[in-house]
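Geometric and topological summary
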Amino acid sequence: MSDWTIGIIGGSGLYAIDALEDAQWIPVLSPWGEPSDEILCGKIDHVRVRFLPRHGRGHRIAPSNIDARANIDALKRAGCTDILAISAVGSLSEELAPGRFVTVDQFIDNTRGRRSSFFGDGFVAHVSMADPVCPRLSKHAARSVTKIGGECTEGATYLAMEGPQFSSRAESRLYRHWGAEVIGMTGMPEAKLAREAELPYALLAMVTDYDSWRDDAETVDVAQVVEQMQRNSKLARKAVEAFCMGLPKKRNPSPIDHALTDAVITAPDKHDKALLAKLDAVAGRLLRQG
Ligand SMILES: CSC[C@H]1O[C@H](OP(=O)(O)O)[C@H](O)[C@@H]1O
Ligand SMILES: Nc1ncnc2[nH]cnc12
């Protein structure tokens, strides 16, 4: 076995991974709430894998009701060192045609009212989100897609919307003006929470539609997304496999492993003990240092 334990968060159309050896669904409890499902634990080659379907098996959970805090906390408790998230996205750019894979490198968070931090009164922390994804994992994800014959664009800005309704034509055009290139309902606050949990995170997105900004094309609906996902889901699974198999045995440290160093501003004598107890996994490294 290597030093890597890769958490895979499966999006629309990806609810399990067949390639896992010694696979077992295991419930993981979190003090933050209910994770979307049990975690499928196993290995691919020399890499331990912990797979969590973001919407639950059978796509039970709507984007606004996903408990991203519970999911990230559960993956951390399951021993993950890094996270590769997979998502279906709409394209806001002519060049990003349906069927293409994209690694996301920036986010615009336009979600509303989701719980987007583990921290708060009694343990206030501000992590940097200037560079929200891990460049090492993102590059490796893009290479894994091309290795198995897919096409991948490296680096795109992801607009996270609340949903569950798709965007109006005016919203879709507005997001293009903002510089967004792909759109989805789940990348945030997932990426923020992974950073707070000191987990390097990459988002490998698969373009399923052109959203609603084009006058000359159909506007997005679920049938389009599902059809495109079905066409490409084999490729997505192979990309995940190639991703794990292509990792080197040794995991060199990432700066994101220490994202909380210097991020906490609350004086130690003002710490909230109940909050600290819930942070035993997310901020475990820091809290153990005392
Ligand atoms: C099924 S269409 C909309 C749905 O698909 C995307 O999900 P995910 O990011 O989990 O692949 C999008 O964000 C919406 O939740
Ligand atoms: N056009 C779109 N908008 C939001 N989420 C999506 N997921 C897939 N396509 C989408």
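Residues numbered from 1 in each chain as written. Chains lettered and ligands numbered in written order. Predicted model: local features only at pLDDT ≥ 70, side-chain atom pairs only at ≥ 80, totals over all residues. Heavy atoms only, no water.

What counts, and what does not: UniProt positions are given in the numbering used here, feature names are shortened, and annotations may be inferred rather than shown by experiment.
For the protein chain, the name recorded in an unreviewed UniProt entry is S-methyl-5'-thioadenosine phosphorylase, with Qipengyuania qiaonensis as its organism. Listed under Sequence similarities (unreviewed entry) in UniProt, the entry text for the protein chain is "Belongs to the PNP/MTAP phosphorylase family. MTAP subfamily." Its UniProt record gives the protein chain a comment under Catalytic activity (unreviewed entry), which states: "S-methyl-5'-thioadenosine + phosphate = 5-(methylsulfanyl)-alpha-D-ribose 1-phosphate + adenine".

**A look at the overall build of the protein chain**
This is how it is decided: What counts as a helix is a DSSP run of H or I of at least four residues, what counts as a strand is a run of E of at least two, and both are numbered from the N terminus. A radius of gyration in this sense is built from C-alpha atoms; the matching globule rule multiplies 2.2 Å by the number of residues raised to 0.38. Buried, partly exposed and exposed residues are distinguished by accessible area as a fraction of the type maximum, computed with a 1.4 Å probe on protein chains only: under 20%, between the cut-offs, and over 50%, respectively. Here, residues are in contact when the closest pair of their heavy atoms is within 4.5 Å.
Secondary structure summary: the protein chain contains seven helices and 11 strands in total. For a compact globule of 290 residues, the expected C-alpha radius of gyration is about 19 Å, and the protein chain comes in at 18 Å, within 12% of that figure. Seen through its C-alpha atoms, the protein chain measures out along the principal axes to roughly 60 × 40 × 30 Å. Sorting the 290 residues of the protein chain into buried and exposed places 55% on the buried side. Restricting the contact set of the protein chain to residue pairs at least 6 apart, pairs at least 24 apart contribute 81%.

**Describing the site of ligand 2**
Stated formally: Near residues are defined by distance, with any heavy atom within 4 Å of the molecule or strand qualifying the residue. Throughout this description, a polar contact denotes any pair of N or O atoms lying within 3.5 Å of each other; where both atoms belong to protein, one of them has to be capable of donating a hydrogen while the other can accept it, and for residues adjacent in sequence the pair is counted only when both atoms sit in side chains. Note on areas: Shrake-Rupley with a 1.4 Å probe; residue coverage comes only from the protein chains shown. Grid points spaced at 1 Å and placed over the protein atoms alone form the basis of the search, with a cavity being a set where a 1.4 Å probe fits but cannot get out and a pocket an open set showing protein on both sides within 12 Å along at least five of seven lines. Lining residues have an atom within 4 Å of a point. A pocket or cavity is taken to hold a molecule when more than half of that molecule's atoms are within 2 Å of the pocket's grid points.
Around ligand 2, the structure places 13 residues, and the nearest of them are A88, G90, T208, D209 and D211. G90 is positioned with one of its backbone polar atoms (N or O) 3.2 Å from a nitrogen atom of ligand 2. Within the complex, 94% of the 260 Å² of free accessible area of ligand 2 lies under protein. Judged by the proximity of its atoms to the pocket grid, ligand 2 belongs to the largest pocket. Listing elements by their share of the shell around ligand 2, those giving two or more residues are β5 (82–91), β10 (182–184) and β11 (201–209). Sorting elements by how many residues they give to the shell around ligand 2 places β5 first, with three residues.

**As for the packing of aromatic side chains**
The description of an aromatic ring pair rests on the distance of the ring centres and on the angle between the ring planes. The condition is simple: For this analysis, a ring pair means two rings from Phe, Tyr or Trp (six-membered ring only for Trp) whose centres lie within 6.5 Å, classed as stacked if their planes differ by under 30 degrees, edge-to-face if by over 60, and tilted for the remaining angles.
Per the stated rule, a full pass over the model turns up five aromatic pairs. When the ring of W32 is compared with that of F118, the centres are 5.2 Å apart and the planes differ by 70 degrees; the resulting orientation is edge-to-face. Taken together, the residues span a long stretch of sequence, with W32 in the loop between β2 (21–26) and β3 (39–44) and F118 in the loop between β7 (106–109) and α2 (135–147) at a distance of 86 residues. Considered together, W32 and F118 belong to a single accessibility category, that of buried residues.

**Side note on the site of ligand 1**
We count it as follows: Only Asp, Glu, Lys and Arg are considered charged in this grouping, and only Ala, Val, Leu, Ile, Met, Phe, Trp, Tyr, Cys and Pro are considered nonpolar; every other residue, Gly among them, is considered polar.
By nearness alone, every residue bordering ligand 1 is listed as G11, S12, R54, H55, P63, S87, A88, F166, G184, M185, T186 and V225. Between ligand 1 and R54, the relevant distance is 2.9 Å, taken from an oxygen atom to a side-chain nitrogen or oxygen of the residue. In this structure, T186 approaches ligand 1 through a side-chain N or O atom, which is 2.6 Å from an oxygen atom. Coverage of ligand 1 by the protein chains reaches 90% of its 390 Å² of free accessible surface. The cavity where ligand 1 resides is the largest pocket. Considering only residue class, the shell around ligand 1 consists of five nonpolar, six polar and one charged.

**Considerations on the packing of helix α1 (residues 68–77) against helix α4 (residues 187–196)**
Think of two packed helices as two axes; the pair is described by the angle between the axes and how far apart they sit. In plain terms, the rule: Angles run from 0 to 180 degrees between N-to-C directions of axes, and those axes are lines fitted to C-alpha atoms, restricted for helices to the stretch in contact. We call two directions roughly parallel when the angle between them is under 35 degrees, roughly antiparallel when it is over 145, roughly perpendicular when it lies between 65 and 115, and oblique otherwise. Take the far helix as your reference; a near helix turned counterclockwise from it by less than a right angle gives a left-handed crossing, and one turned clockwise gives a right-handed crossing.
Running from N to C, α1 and α4 point in directions that differ by 40 degrees, and their axes come no closer than 9 Å. Taken together, the axis directions place α1 and α4 in an arrangement best described as oblique. Crossing handedness for the pair α1 and α4: right-handed. Here α1 contributes A68, R69 and I72 to the contact with α4, which in turn contributes P189, E190, L193 and A194. Taken together, the residues that form the contact of α1 with α4 break down as five nonpolar, no polar and two charged.

**Some thoughts on the state of the cysteines**
Where we set the bar: Throughout, a disulfide means two cysteine sulfur atoms within 2.5 Å of one another.
In total, this model carries zero disulfides according to the counting rule given. The thiol sulfur of C80 is not disulfide-bonded, and the nearest other cysteine sulfur, from C41, lies at 8.3 Å. Considering cysteine sulfurs only, C134 is the nearest to C152, which forms no disulfide, with 15 Å between them.

**Some words on the nonpolar core**
Rule in force here: Only buried residues count toward a nonpolar core, which is a set of Ala, Val, Leu, Ile, Met, Phe, Trp, Tyr and Cys residues joined through side-chain atoms within 4.5 Å.
Among the nonpolar cores identified, the biggest contains 46 residues, and I72, F107, F118, Y201 and L279 are the most heavily contacted of them. Only β3, α1, β5, β9 (157–160), α4 and β11 provide two or more residues apiece to this core. In this structure I72 touches I9, I83, F118, E190, L193, A194, A197 and L199, once residues within four positions along its chain are discounted.

**A few points about the UniProt feature "binding site: phosphate" (unreviewed entry) in the protein chain**
In the numbering adopted here, UniProt assigns the feature "binding site: phosphate" (unreviewed entry) to S12, R54, H55, S87, A88 and T186. Spanning 175 residues, the named residues form one tight spatial group whose C-alpha atoms are at most 12.2 Å apart. Within the annotated group, the residues that form the lining of the largest pocket are S12, R54, H55, S87, A88 and T186. Inspection of the secondary structure assignment puts S12 in the loop between β1 (5–10) and β2. Given a relative accessible area of 22%, S12 falls into the partly exposed group. Setting aside chain neighbours within four positions, we find S12 in contact with H55, H59, A88 and M229. If you trace the backbone, H55 turns up in the loop between β4 (47–53) and α1.

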